[in-house]
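Descriptive structure summary
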Amino acid sequence: MSNRIKLKGTGIVPDVAIGKAVVLEDKTKIIIPFYNILKEYIDDEVERFLDALKQTKAQIEDAKQNLNSDLESTHLSIFDTHLLILKDQSLIEKTVNLIKEKSVNSEYAFKEVIKGIIAKFKGMDDEYFKQRKEDLEDIATRVIANLIKKDVNKQREFEQDTILVAKVIHPSDLSILYNGKVVGIATDYGGVTTHTSIIAKALNIPTVVGLHNVTKVVLDGDMVIVDGIEGEVIVKPQENEKSVYIEKHQKRLDFQNSLLEIARKPSMSLDGESVDLLANVEVAEEFPALQKFNADGVGLYRSEFIFLKLAPKLPSEQEHYEFYKKLCSQVKGEVTIRTLDLGGEKFFHEVLEKDEQNPVLGLRAVRFCLKRKDIFKTQLRAILRLSGENTNVKLMFPLISGVDELKEVLDFLEETKEEMKHEGIHFNEDIKKGIMIEVPSAAEIPDLLAKYVDFFSIGTNDLIQYCLAIDRNNDKVNYLYKPSHPAVIRMINRIIEAANNSGIDVSMCGEMAGNPKFTVMLLGMGLRKFSMSPRTIPLVKSIIRNVKVSDCKHIADRVLTMESASQIEKHIEAVNHKLIPDYEKLAKVKL
Ligand code: PEP
Ligand code: MG
């Protein structure tokens, strides 16, 4: 067929999906239109406004109905408040009157009325009014979005076997991925470590990102094949092509099932070195995978996903506590909770409505937490409370860039502990605290930082981004995003060495840790704790079980003398092929 199109991108989840495309709207900021309405159309305009209220009410009721997890149930009261606002007669009357009196459009009239109410709250310090203000703003956004038919992604009907096509998947659209109908994802932007990719991996949805212009060539309803193994998307495939991909998918399933057997076996090298294989977790939907793939614990819980889930509300101490408790009940070993890492590419504005010129270098992670100590403290208290019941809980701070910043964070932790002591709240005084090493300045001084903490976790996603000056989400430069760059390799080696010399724990939780290609080299550098998407645990384990750490050391030493990413890649591919039976199959799993 002549209109078949094949696009090349980066494969994320190495599997194949076939389905019909739903192209998501590009959600830019809503611009509220203002225009006059002719007298004879005023009644229609009022009708349009009332319809939008009805539509918003139906959407909220629908969302309420679909809640199922415990965390989500805490969200119920927010929905109830929003439903009450929508029923508020004075709010409706004021808007209708404004439309009639000034002959203006509904979007403008509604926004003006909401603005007027919020203005009355100004100066009132009360938490209650602050909350109401947020509720009103949220409702205004929803109603106006319905009026101008923007941001309607969530209300769309999704058929079975949907391939989601988007420029990028916004966190507020992530819930679409849980509806069980999305079988594949294809996006214009993004790379291996973009958060859409991380979530797609967590939910095991075949995905190709960085396709540049998939949204331009695909129309709603087009048949699309997403091949996450090859990093390809085929739009309007030929009829006889489909069976090839169905077979490919079946082979993938068989391979994945064969790996489950490995998941049950000990994570130990041929010369008896034991290695911890932990899981990275983002959402509750991943919990079943922790046991299925036999994770030794959780090496990274990305707590910003709680914030994203509840946005625009901020989670309360109890909501934090309950989620972490549930997370802890899923695994026997350690659970490392990383404090809020919003900012950068992580959708700051979606939660806190702030825009930044240069977000990746901006008020992100602990920098933000030190500015908003109220938010920080709420989270620390919840983690500390849980540590009193479960000594496996560990605390980790992201994006630490130097000793002064670390001290400020640790002082605040001590202050919070003191406060809790005074309140008589029990917690683990000796809770293990660690930092992510993901900023080059921290990677330069691991020996100095090691004096203050119990562990390091190497965040290669950001470390590579900052070390090589490559925006991890930018599809135009992601060809330069190279974990095997000698600068990155040397940094990682130095961090592991410093931690081992200082007698503190070190793990790696960036995507590199789950990439079987690098397992041998990292073992050789002395890494004994890897944290990754749970599904990749058997892959890495199968490498560990086939090698001797003594051999890995020689390989790492050799790699550290090399001058370029291409040379290093070539070398590690060659040794992997030599050492590991079936490496070809494992390596197909591009991560
Ligand atoms: C990292 O930077 O490697 C990391 C694990 O954190 P995140 O991907 O959440 O920034
Ligand atoms: Mg990071």
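Residues numbered from 1 in each chain as written. Chains lettered and ligands numbered in written order. Predicted model: local features only at pLDDT ≥ 70, side-chain atom pairs only at ≥ 80, totals over all residues. Heavy atoms only, no water.

**Notes on the coordination of the magnesium ion (ligand 2)**
Every protein donor of the magnesium ion (ligand 2) is listed here as E438 (OE) and D462 (OD), and their distances to the metal cover 2.0 to 2.1 Å. Of this pair, E438 sits in the loop between β13 (432-437) and α17 (440-444) while D462 sits in helix α19 (residues 460-468), and the two are 24 residues apart along the sequence. Judged on exposure class, the residue E438 and its partner D462 are both buried. (Donors = N, O, S within 2.8 Å, 3.2 Å for Na, K, Ca; no water. Helix = DSSP H or I, 4+ residues; strand = E, 2+ residues; numbered from the N terminus. Buried < 20%, exposed > 50% of the residue type's maximum accessible area, 1.4 Å probe, protein only.)

**Digging into the pairing of strand β4 (residues 162-166)**
Among the five residues that make up β4, five are buried, leaving the element largely enclosed by the rest of the structure. Because side chains alternate across β4, one face comprises the buried residues T162, L164 and A166, and the other comprises I163 and V165, equally buried. When strand β3 (residues 16-23) meets β4, the two strands line up parallel, connected through four bridges. Considered in β4, the bridge of V22 is made with L164. In this sheet, strand β5 (residues 182-187) lies alongside β4 in parallel orientation, the contact comprising five bridges. By the bridge assignment for β5, A166 is matched with T187. (Pairing = 2+ DSSP bridges.)

**Thoughts on the side chain of E286**
Tracing the backbone shows E286 in the loop between β9 (276-281) and α10 (287-292). For the buried E286, no salt bridge is present, and the opposite-charge side chain at shortest range is R302, 7.2 Å distant. Polar side-chain contacts of E286 include one of 2.6 Å to the backbone nitrogen of E282. Setting aside anything within four residues of it in sequence, one finds E286 in contact with A202, N280, V281 and P534. (Lys, Arg positive; Asp, Glu negative; His and termini not counted. Salt bridge = Lys/Arg side-chain N within 4 Å of Asp/Glu carboxyl O. Polar contact = N/O pair within 3.5 Å; in protein donor to acceptor, adjacent residues only side chain to side chain. Contact = heavy atoms within 4.5 Å.)

**Describing the sheet that holds strand β7 (residues 223-227)**
One open sheet accounts for eight strands, arranged β1-β8-β7-β3-β4-β5-β6-β2; its pairing is mixed. Among the strands making up the open sheet, the edge pair consists of β1 (5-8) and β2 (10-13). Averaged over all neighbouring strand pairs, the angle between strand axes comes to 30 degrees, with direction disregarded. Bridge count for β1 against strand β8 (residues 232-235) is four bridges, and the pairing is antiparallel. What sits directly across from L7, in β8, is V233. Here helix α7 (residues 195-203) sits on the sheet in contact with β2, β5 and β6 (207-209), set at roughly 40 degrees to β2. Taken strand by strand, helix α9 (residues 242-263) contacts β3, β7 and β8, and its axis lies near 120 degrees from that of β3. (Axes fitted to C-alpha atoms, helices over the stretch in contact; angles between N-to-C directions.)

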